[in-house]
Amino acid sequence: MMPHLVRWQNAYASQGLSIVYVDDGRRDSLAHARQWPVDQNVPYHVFHDANGQANDTYAIRAYPTAYVLDRSGRVVWEGIPVYGPQAAEQAIQQALRR
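Residues numbered from 1 in each chain as written. Predicted model: local features only at pLDDT ≥ 70, side-chain atom pairs only at ≥ 80, totals over all residues. Heavy atoms only, no water.

A.B. asks: Please give an account of unusual backbone geometry that cites residues and values.
C.D. replies: For the bond from Y63 to P64, the omega torsion is -5°, close enough to zero to count as cis. Considering the arrangement of structural elements, one finds P64 in the loop between α3 (53-57) and β3 (66-69). Residue N41 is not a glycine yet carries a positive backbone phi of 55°. By the secondary structure assignment, N41 is in the loop between α2 (30-39) and β2 (45-49). Not every positive phi belongs to a glycine, and A59 is a case in point at roughly 50°. Considering the arrangement of structural elements, one finds A59 in the loop between α3 and β3. Given the relative accessible area of 39%, A59 is considered partly exposed. (Helix = DSSP H or I, 4+ residues; strand = E, 2+ residues; numbered from the N terminus. Buried < 20%, exposed > 50% of the residue type's maximum accessible area, 1.4 Å probe, protein only.)

Listed below in structure tokens is the structure:
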């Protein structure tokens, strides 16, 4: 998934895209969540969710689950982008046009 996230961040950041990767703190330590983005030269934000609250709130059942929000904060796409990155990218493009 990371190559897609990097490409999308690089391609669409100037149009307002902001990618936030939510790291499940129940699976990863804070130290790991701080170090892997540096080691991998990640160009997007990483949020360490220490208690896994996002997973619980959004009922995440599979990794990676992704959401595309429009400029108003409304979810306009939800899915597992590794199975269809084109659909996620189309949703990104449409959200940025709104």
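A.B. asks: Can you break down the side chain of E89 residue by residue, with the values?
C.D. replies: Relative to the assigned elements, E89 resides in helix α4 (residues 85-97). Using a relative accessible area of 16% as the deciding quantity, one classes E89 as buried. Among the polar contacts made by the side chain of E89, one reaches the side chain of R7 at a distance of 3.1 Å. Within the structure, E89 has its side chain in polar contact with the side chain of W8 (distance 3.2 Å). (Polar contact = N/O pair within 3.5 Å; in protein donor to acceptor, adjacent residues only side chain to side chain.)

A.B. asks: I'd like to hear about the pairing of strand β4 (residues 75-79), residue by residue, with values.
C.D. replies: Sheet topology places β3 next to β4; four bridges connect them, and they run antiparallel. Residue pairing across strands places L69 opposite V75, the latter belonging to β4. Once β3 ends, the chain turns through five residues before running back antiparallel as β4, passing G73 with a positive phi of about 95°. (Pairing = 2+ DSSP bridges.)

Purely geometric stuff here, so don't read any function into it on its own.
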